[in-house]
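Architecture at a glance
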Amino acid sequence: VFYIYLLALAFLLIIIQYLSGPKLVEMSMRVRYVSERENPKLHRMVEELSREAGIPKPRVGISELKIPNAFAFGRSKRDARVCVTKGILELLDDDELKAVLGHEISHIKHRDVAIITLLSVIPMICYMLYISFLWGGMFSRDRREAGIEMAVGIIALLMYFVTSLLVMYGSRIREYYADLGSVRLGNHPSKLATALYKLVYGNAKADEHTIRQAAGLKAFFLNDVSRARDEIRELRQIDLDMSGTIDEDELKVLKEKRIKLSLEDRIMELLSSHPNMLKRIKHLASLT
């Protein structure tokens, strides 16, 4: 009976997180929703992309976070919100910004927030089972029963790590699909590739304090902000003419090129909610 209550508690926590999530995101990201009169260009882009995607137009917001980025959140398609930071509006041109917004609109279309939230139930249950069985084994007077409970607790801990890795893998797959979705909404792969390149560059220039502040929110962002300084070195190899953009010709070169990741890069990707940026732009190159 105790373990049934434990499972019920896990589901209850997920439901609370799901219902309160948008308000928590608004507070942590310091989001201010803007009207069409305040930012007609941003509203026009979101409206055009939403119509093309066949979803209701999300609410449009601007985040006060200093780091350039964009994100989408909400409980459903009708409750969705698309937000950009002030920094990204100063960093990207119109085509690049539209490609980024297409990525976020695709997340909404595919219900990615709900999917990842539901997937997160499994590691949470495993962790709660680990805690309960471990404590049960430590305080059990029956040595045989204590041994069984401790063993189950260790298995639950291992399952927690495995399922957490699977959730992150699922998140990385959703990022690839959102990139593809942006292209299907009419944005050229080179525009999204350039936007990602500029975002990584902008994130890499941010100070350590800003990066630490944003690191806890990075699952929402277009890229992993804490990896930006490592990724910018890799992406400079693609920018053959050192123009600060990744054009169609550079994507064609990358399309035919075989990329190799170091063991460290592969491990870091395994532990991240976002794909390795070099692999991600290679995927965009395959869409040209």
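The sections below set out a description of the structure shown in this document. (Residues numbered from 1 in each chain as written. Predicted model: local features only at pLDDT ≥ 70, side-chain atom pairs only at ≥ 80, totals over all residues. Heavy atoms only, no water.)

1. Notes on the nonpolar core
Within soluble globular proteins, side chains that are nonpolar generally end up buried alongside one another. This is how the line gets drawn: The criterion is simple. A nonpolar core is a set of buried Ala, Val, Leu, Ile, Met, Phe, Trp, Tyr and Cys residues joined through side-chain atoms within 4.5 Å. For every residue, the accessible area obtained with a 1.4 Å probe (protein chains only) is divided by the maximum for its type, and the residue is called buried under 20%, exposed over 50%, and partly exposed between those limits. Contacts: residue pairs with any heavy atoms within 4.5 Å of one another.
Formed by 45 residues in total, the largest nonpolar core has its most connected members in Val 84, Val 100, Leu 101, Ile 105, Leu 235 and Ile 281. Apart from the residues within four sequence positions on either side, Ile 281 is in contact with Ala 193, Leu 196, Leu 235, Ile 238, Ile 246, Leu 251 and Leu 254. Ranked by size, the runner-up nonpolar core spans 14 residues in total, among them Val 25, Cys 83, Ala 214 and Phe 221.

2. Things to note about the pairing of strand β3 (residues 70–73)
Worth spelling out the cut-off: Each helix corresponds to a stretch of at least 4 residues labelled H or I by DSSP, and each strand to a stretch of at least 2 residues labelled E; elements are numbered beginning at the N terminus. Two strands qualify as a pair provided DSSP detects at least 2 bridges between them.
Alternating residues of β3 divide into Ala 70 and Ala 72 and Phe 71 and Phe 73, and every residue in both groups is buried. Pairing analysis gives 4 bridges linking β3 to strand β4 (residues 81–85), with the strands arranged antiparallel. Bridge pairing in β4 links Ala 70 to Val 84.

3. Comments concerning the packing of aromatic side chains
In plain terms, the rule: Any two rings among Phe, Tyr and Trp, with Trp reduced to its six-membered ring, count as a pair given centres within 6.5 Å; such a pair is stacked if its planes are under 30 degrees apart, edge-to-face if over 60, and tilted if neither. Placement of a positive charge over a ring is assigned whenever Lys NZ or Arg CZ falls within 6 Å of the ring centre and within 35 degrees of the normal to the ring plane.
Applying the stated rule across the entire model yields 5 aromatic pairs. Taking the centre distance of 5.8 Å and the plane angle of 50° together, the rings of Tyr 127 and Tyr 130 count as tilted. Taken as a pair, Tyr 127 and Tyr 130 lie in helix α6 (residues 121–139) at a separation of 3 residues, close to a single helical turn. The class for Tyr 127 is partly exposed, based on a relative accessible area of 38%. For Tyr 130, a relative accessible area of 17% corresponds to the buried category. A ring pair is formed by Tyr 127 and Tyr 160, whose centres lie 5.1 Å apart and whose planes are at 50°; its orientation type is tilted. One end of the pair, Tyr 127, is in helix α6; the other, Tyr 160, is in helix α7 (residues 143–184), with 33 residues separating them in the sequence. Among the aromatic residues, those joined into a ring-pair cluster are Tyr 127, Tyr 130, Tyr 160 and Phe 161. A cation sits over an aromatic face here: Arg 59 above Tyr 33, 3.8 Å from the ring centre.

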